[in-house]
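# Topology and contacts: notes
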Amino acid sequence: MAELGEDADQLHQEDVPIKRDDDDGDDDVGGGDEDPAENPVQMVKTEAGGDGDTKPPTERHVSIQSRLEGLETLVDLNGAGRKACPLCPEEKFKACYSHKLRRHLQNLHWKVYVEFEGQRMCICHLPCRQLKPSLSGDQVSARHVAHYHCVVCSVTIARKTDMISHLKRHVNKGETEASYTASSNTLPEETVPSGQTYEIMKELGTNVQLLPNHSTPQKSDTYFNRKMKTNRQLVFCSLAVLAAERNPLECLDAFGATGIMGLQWAKHLRNAVRVTITDISEVCIKMIKENCQLNHIRVDGGSRGPWGPDSDEQAPIAAVEVTKMDANVILHLRPFDYIHLDPFGATVNYLDAAFRNVRNLGIVSVTSTDTGSLYAKSPNVTLRHYSCHIVRTEYYKELAARMVLAAVARAAARCNKGVEALLAVALEHFVLVVVRVLRGPTQADESAGRLRRLIHCQWCEERVFLKPGSMVDDQLYSQLPCPCHDSMPGKTAVELGPLWSGPLFNTGFLRRMLCAAVQHSMDDIQPLVKMLICESECTTLKSLVHGACAFTNQVECGVVIKTLQRSDESTADQCAKRKSAEDCGNAVKKLKTEASLEHPSFYYSIHRHSIRGMNMPKLNKFLQYLTDAGFRVSRTHFDPTGVRTDATLEQFKSVLTKYSVPTYANATVTPSSLSSQETA
């Protein structure tokens, strides 16, 4: 290996001096006679040749510049004659005149860069990378590979994507300072002892501090995802609806991280909630307490005393309890009215503990981010976590929501509790499920009875839940309305599940969530909640009123709870309404919810079932055509091209075919083309 190192030095001593440490501690630079100050290329350390004892360079490489003018100052472009490129060897780019060299620097080096902390790492073609020995052990000459010099550790990396990944690893480790003497005069606003910088982020009037590696859950305890803003707002609205029913509420954010969700609850709902934020990481607990001070919120050490202002000069606006405890432990120790579970990945490991002590008519919200198992990318993981067999379908997002609801219902039934689905949303990379808890073995049996298997046709993607019963049915294909089994040889359908077969939404609860979103100025989720209301009732025409509201009574989940209505109604009938509401509540407890009032299960994609060679109508017009045909119809948030309807797939296709026009005037649709489209 010593001979290889000597050969490498002989090959590179004319171009680049390589800095390394000898055994006796002296530095041997290049060929020994060359002055580094005369060579524009500074000393670098490579990934292959650098060892752990090598001292970091004190000056940056010439390929790292903050402006284009800095790159052009490496060579005198105003002088006469031919000039060589400072970042290319002579054999790659010969000396040329100034105008051509300027275009070369701009197009080849400056435009192909990697930016980090205001510094641009331009591509370098100099022989900076040490040659690797061949299989025979001899060092052979080879062409020099273009590479980048890292602004932090000065290593050389060939690929641009690899350099970006390399810089991300530096950020995750908190190494954001360059190894050379930085010339920047800007200082971070606030530093921590480890050298990391805080970033202040504001969401819904709540300020939180974020570390540079907050977006990488594998490297950071204080994980924060900006894309989950919709999820946090939906959870907040569901809690606001429960707080309007009864207060004060005992609320738990079981996975605090930065604590932003619990701080939003306490800051906006004030005395209506008693928030507890827990996390198992000591770093997260420290960060949550600092964020509480940033938002003028008192940290309760665990005492359940009065919630009034303390003796400080600036009275806190609210109070939260911050505990360092595992989520399963605190869920077994204390009862709560509202529980939110948002771990990194699957939530199935915490469902049993969540339903252990949750109070009657309380709410449990579950956010699952394990999209690999939920969206049928890893069927074996799906079977382990959710005990379900699924395949990839056109309605895979709703399939994931029903699968999570099935896991929640099973966990509640093991604790003699039933659930009523209030909200099920699948957006981007998460699935949010909100359920109301109903105590009692009768409610548990009803919830468990909604878990059924689904039969799915793999040819036309028609689907239907199997009828309940314990007897073996030899004619499972007869339950499918499609004729694929009769016209196709062999088995044409698969059995999926078990899945939640009940409704996914509660219209009354969603209406009150919309009022809460309007009250707290959450403009981002109002269109989504409106779509969910229309989807829950399977209609396209909805008149939503956001005026002043008063409280009345409405039956949900077999009990009488408060809802919101318009304030222009007379208040003189409150006594009569109270008496009629009690009679209504007793009657509803004995009656089952009619199936016709529930929204249809699943949806069809208009693009998936379009006819080849035909121009299908616009989606809104097609919804009107289905309504005129006598079907219930609405759009769905699961798929922008999906249509939720109680029509069968054959009826859906017949209406689509009727109002589709040929692409060309002389084109006609034949039955053979329709059959070929169905089998495609």
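Above this note sits the structure.
Residues numbered from 1 in each chain as written. Predicted model: local features only at pLDDT ≥ 70, side-chain atom pairs only at ≥ 80, totals over all residues. Heavy atoms only, no water.

### Remarks on the overall build of the protein chain
Scanning the protein chain from terminus to terminus reveals 20 helices and 25 strands. Across the 680 residues in the protein chain, those meeting the buried criterion constitute 47%. Sequence-distant contacts in the protein chain: of pairs separated by 6 or more residues, those separated by 24 or more amount to 63%. Carbon and sulfur atoms make up 49% of the accessible area of the protein chain, which totals about 34300 Å². (Helix = DSSP H or I, 4+ residues; strand = E, 2+ residues; numbered from the N terminus. Buried < 20%, exposed > 50% of the residue type's maximum accessible area, 1.4 Å probe, protein only. Contact = heavy atoms within 4.5 Å. Areas by Shrake-Rupley, 256 points an atom, 1.4 Å probe, with all protein chains shown as cover.)

### Quick look at unusual backbone geometry
A cis amide bond, omega 5°, links asparagine 247 with the succeeding residue proline 248. Checked against the element boundaries, proline 248 lands in the loop between helix H5 (229–245) and strand E8 (249–253). The backbone of leucine 361 sits at a positive phi, close to 65°, despite the residue not being glycine. Here leucine 361 shows up in strand E13 (residues 358–368).

### Looking at the nonpolar core
Core analysis: the largest hydrophobic core is formed by 111 residues, its most contacted members being Trp265, Leu341, Phe355, Tyr386, Leu423 and Val431. Among the elements that line this core, the one with the most residues is helix H12 (residues 396–414), at 12 residues. Aside from chain neighbours lying at most four places away, what touches leucine 423 is Leu432, Val433, Val434, Leu504, Phe505, Leu510, Met513 and Leu532. Counting residues in each nonpolar core, the second largest holds 22 residues, with Cys460, Leu480, Cys482 and Leu649 among its members. (Core = buried A, V, L, I, M, F, W, Y, C linked by side-chain atoms within 4.5 Å.)

### A word on the pattern of salt bridges
Where side chains of opposite charge bring their charged atoms close, a pairing between them can arise. Considering all chains together, one arrives at 17 salt bridges under this definition. One salt bridge connects aspartate 524 with lysine 229, and the closest N-O pair in it is separated by 3.1 Å. Taken together, the residues aspartate 524 in the loop between helix H15 (507–519) and helix H16 (526–537) and lysine 229 in helix H5 connect sequence positions 295 residues apart. Judged by its relative accessible area of 51%, aspartate 524 falls in the exposed class. Classification of lysine 229 by relative accessible area gives partly exposed; the value is 31%. For arginine 644, the salt bridge is made with glutamate 535, and the minimal N-O distance between the two is 2.7 Å. Taken together, the residues arginine 644 in strand E24 (residues 642–645) and glutamate 535 in helix H16 connect sequence positions 109 residues apart. Classification of glutamate 535 as buried rests on a relative accessible area of 0%. (Salt bridge = Lys/Arg side-chain N within 4 Å of Asp/Glu carboxyl O.)

### Quick notes on the packing of aromatic side chains
A full pass over the atoms with the stated rule returns 10 aromatic pairs. Residues phenylalanine 255 and tyrosine 350 carry aromatic rings whose centres are separated by 4.9 Å and whose planes lie at 80° to one another, so their mutual orientation is edge-to-face. Of the two residues, phenylalanine 255 sits in the loop between E8 and helix H6 (260–269) while tyrosine 350 sits in the loop between strand E12 (336–341) and helix H9 (351–354), which places them 95 residues apart along the sequence. Looking at tyrosine 350, the relative accessible area reads 17%, which means it is buried. Seen from their ring centres, tyrosine 604 and phenylalanine 652 are 5.3 Å apart, and the 40° between their planes marks the pair as tilted. Of the two residues, tyrosine 604 sits in strand E21 (residues 604–605) while phenylalanine 652 sits in helix H19 (residues 649–658), which places them 48 residues apart along the sequence. Note on tyrosine 604: relative accessible area 6%, which makes it buried. Stacked on the ring of tyrosine 113, the Lys or Arg arginine 120 has its end atom at 4.1 Å from the ring centre. (Phe/Tyr/Trp six-rings, centres within 6.5 Å; stacked < 30°, edge-to-face > 60°. Lys NZ or Arg CZ within 6 Å of the ring centre and 35° of its normal.)

### Brief notes about the pairing of strand E9 (residues 273–279)
Buried residues dominate E9, accounting for six of its seven residues. Inspection of the sheet shows E8 paired to E9 by five bridges, in the parallel sense. Opposite aspartate 253, over in E9, you have isoleucine 277 as the bridge partner. On the question of chirality, the crossover connecting E8 to the parallel E9 by way of H6 is right-handed. (Pairing = 2+ DSSP bridges. Right-handed = clockwise from strand over helix to strand, strands pointing away.)

### Some points on the side chain of histidine 340
Within the secondary structure, histidine 340 is located in strand E12. Since its relative accessible area comes to 1%, histidine 340 is described here as buried. At a separation of 2.7 Å, a polar atom in the side chain of histidine 340 contacts the side chain of serine 365. Ignoring any residue separated from it by four or fewer positions in sequence, one finds histidine 340 in contact with Asn231, Val235, Leu252, Asp253, Ala254, Met261, Trp265, Ser365 and Thr367. (Polar contact = N/O pair within 3.5 Å; in protein donor to acceptor, adjacent residues only side chain to side chain.)

### A few points about the sheet that holds strand E11 (residues 318–324)
Ordered by their spatial adjacency, eight strands build an open sheet running E10-E11-E9-E8-E12-E13-E15-E14, and the pairing between neighbours is mixed. Two strands close off the open sheet at either side, each with one partner strand: strand E10 (297–300) and strand E14 (417–427). Between one strand and the next, the sheet's axes are offset by a mean angle of 20°, whatever the strand orientation. Packed onto the sheet, helix H7 (residues 282–294) meets E9, E10 and E11 and runs at close to 170° relative to E11. Across the face of the sheet, H15 comes into contact with E13, E14 and strand E15 (430–439) while running at roughly 55° to E14. (Axes fitted to C-alpha atoms, helices over the stretch in contact; angles between N-to-C directions.)

### Details of the packing of H5 against H6
With their axes 11 Å apart at the nearest point, H5 and H6 run at an angle of 40° to one another. Taken together, the axis directions place H5 and H6 in an arrangement best described as oblique. In this structure, H5 crosses over H6, and the sense of that crossing is right-handed. Contacts between H5 and H6 involve Asn231, Arg232, Val235, Phe236, Leu239 and Ala240 from the first element and Ile260, Met261, Gln264, Trp265, His268 and Leu269 from the second. Broken down by class, the residue content of the contact of H5 with H6 amounts to eight nonpolar, three polar and one charged. (Parallel < 35°, antiparallel > 145°, perpendicular 65-115°, else oblique. Left-handed = near helix turned anticlockwise from the far one by under 90°. Nonpolar A, V, L, I, M, F, W, Y, C, P; charged D, E, K, R; others polar.)

### Regarding the pairing of strand E3 (residues 119–122)
Pairing of strand E1 (residues 64–65) with E3, which is carried by two bridges, proceeds in the antiparallel orientation. Its bridge partner lying in E3, isoleucine 64 is registered against methionine 121. Here strand E2 (residues 113–116) runs beside E3; their pairing, made up of four bridges, is antiparallel. Following the sheet pairing, valine 114 is matched in E3 by methionine 121. Following E2, the chain reverses through two residues before pairing antiparallel with E3; glutamate 117 in that reversal takes a positive phi of roughly 55°.

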